[in-house]
Amino acid sequence: MSESLELGEILLHTTRLEPGQLERARKRQAESRERLADILVDQGMLNADEVLGALAQQLDLPLRSTLTIEEIDDEYALKIPISYAKQLRMLPIGGDPDLGTVVVVASDPLAMAPLDDLRILFNGAEIMLELASDRVILTAI
């Protein structure tokens, strides 16, 4: 279902967002060039978790509601400075060296530059992205 839907349409189907609110947010987006998700949260129309769930659906990414210490491989997590992980709300939690993959949990799937940095740090590994809220990531860090 979500493959052909844009974020606003997914939010209309999966959250309490009303068509009039979406229209107002889109008008502001056209004027300000802000991201739709940011506008909806800033204006109090939705909370960050609702938007993150819709982004996960739109991008077909796993969404984590929790992240325990047991799920984090220190070999991966400790390769980046804690301040960097906190600032970007992004944490590598594991991977498979044989497959050349690294699992990264992030709150912003559209922040491409930090993901590119992680690819370089992990010798060109494929990033397997999972989403989680800022709160979940910061608690894990």
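Just so it is clear, the structure is predicted and the values come from calculations on it, not from any experiment.

**Some words on the nonpolar core**
Piece 1. Judged by nonpolar contacts, the single largest core of 24 residues is most densely connected at Leu-67, Ile-72, Leu-91, Ile-93, Val-102, Val-104 and Leu-118.
Piece 2. Those elements that place two or more of their residues in this core are helix H5 (74–77), strand E2 (90–96), strand E3 (101–106), helix H7 (112–121), strand E4 (126–132) and helix H8 (134–140).
Piece 3. The biggest single contributor to this core is E3, with 5 residues.
Piece 4. In contact with Leu-91, other than residues within four places in its own chain, are Leu-67, Ile-72, Ala-77, Ala-85, Val-103, Val-104, Val-105, Ala-140 and Ile-141.
Piece 5. Counting residues in hydrophobic clusters, the runner-up holds 18 residues, among them Leu-22, Ala-25, Leu-40 and Ala-54.

**Comments concerning the layout of surface pockets**
Piece 1. Taken as a whole, the largest pocket encloses approximately 290 Å³ of empty space.
Piece 2. Lining of the largest pocket is provided by 15 residues; of these, Arg-35, Asp-38, Val-41, Ala-48 and Ser-107 occupy positions nearest its centre.
Piece 3. Sorting the residues of the lining of the largest pocket by element identifies helix H3 (36–42) and helix H4 (48–59) as the ones contributing at least two each.
Piece 4. Take the lining of the largest pocket: its biggest share by element is 5 residues, from H4.
Piece 5. Considered class by class, the residues forming the lining of the largest pocket number 7 nonpolar, 2 polar and 6 charged.

**Digging into the sheet that holds E3**
Piece 1. Pairing in this open sheet of 4 strands is mixed, and the strands run E1-E4-E3-E2 from one edge to the other. If you trace the sheet from one side to the other, it starts and ends with strand E1 (63–64) and E2, each paired once.
Piece 2. Where H4 meets the sheet, its contacts fall on E1 and E4, and the angle it forms with E4 comes to roughly 145°.
Piece 3. The sheet contacts of H7 involve E2, E3 and E4, and relative to E4 the element is tilted by about 135°.

**Details of unusual backbone geometry**
Piece 1. At Arg-89, a residue that is not glycine, the phi angle is positive and equals roughly 55°.
Piece 2. The topology assignment puts Arg-89 in the loop between helix H6 (82–88) and E2.
Piece 3. According to the relative accessible area criterion, Arg-89 is partly exposed, its value standing at 27%.
Piece 4. The backbone of Asn-123 shows a phi angle near 55°, a positive value even though the residue is not glycine.
Piece 5. Mapping Asn-123 onto the fold places it in the loop between H7 and E4.

**Some details on the pairing of E2**
Piece 1. Of all 7 residues in E2, 5 are buried, a share of seventy percent or more.
Piece 2. Relative to E3, E2 is paired through 6 bridges, and the arrangement is antiparallel. Within the sheet, the bridge partner assigned to Met-90 lies in E3 and is Ala-106.
Piece 3. Hairpin geometry of E2 and E3 is characterised by an intervening segment of 4 residues between the two adjacent antiparallel strands and by a positive phi of about 70° at Gly-100.

**Side note on H4**
Piece 1. Taking 1.5 Å as the rise per residue, H4 with 12 residues should run 16 Å; its terminal C-alpha atoms sit 16 Å apart, in good agreement.
Piece 2. Listed as buried for H4 are Val-51, Leu-52, Ala-54, Leu-55 and Ala-56.
Piece 3. On its buried face, H4 sits against helix H1 (7–14), H3, E1 and E4.
Piece 4. Where H4 begins, the side chain of Asn-47 points an oxygen toward the backbone nitrogen of Asp-49, at a separation of 3.0 Å.

**Looking at the side chain of Ser-133**
Piece 1. Within the secondary structure, Ser-133 is located in the loop between E4 and H8.
Piece 2. Taking relative accessible area as the criterion, Ser-133 reaches 10% and is therefore assigned buried.
Piece 3. When neighbours within four sequence positions are excluded, Ser-133 is seen to be in contact with Asp-49, Leu-52 and Ser-107.

What counts, and where the lines are drawn
- Residues numbered from 1 in each chain as written.
- Predicted model: local features only at pLDDT ≥ 70, side-chain atom pairs only at ≥ 80, totals over all residues.
- Heavy atoms only, no water.
- Core = buried A, V, L, I, M, F, W, Y, C linked by side-chain atoms within 4.5 Å.
- Buried < 20%, exposed > 50% of the residue type's maximum accessible area, 1.4 Å probe, protein only.
- Helix = DSSP H or I, 4+ residues; strand = E, 2+ residues; numbered from the N terminus.
- Contact = heavy atoms within 4.5 Å.
- 1 Å grid on protein atoms, 1.4 Å probe; cavity = no way out; pocket = protein on both sides within 12 Å on 5 of 7 lines; lining within 4 Å.
- Points joined across faces, edges and corners; volume = space filled by probe spheres on them.
- Nonpolar A, V, L, I, M, F, W, Y, C, P; charged D, E, K, R; others polar.
- Pairing = 2+ DSSP bridges.
- Axes fitted to C-alpha atoms, helices over the stretch in contact; angles between N-to-C directions.
- Expected span 1.5 Å × (residues − 1).
- Polar contact = N/O pair within 3.5 Å; in protein donor to acceptor, adjacent residues only side chain to side chain.

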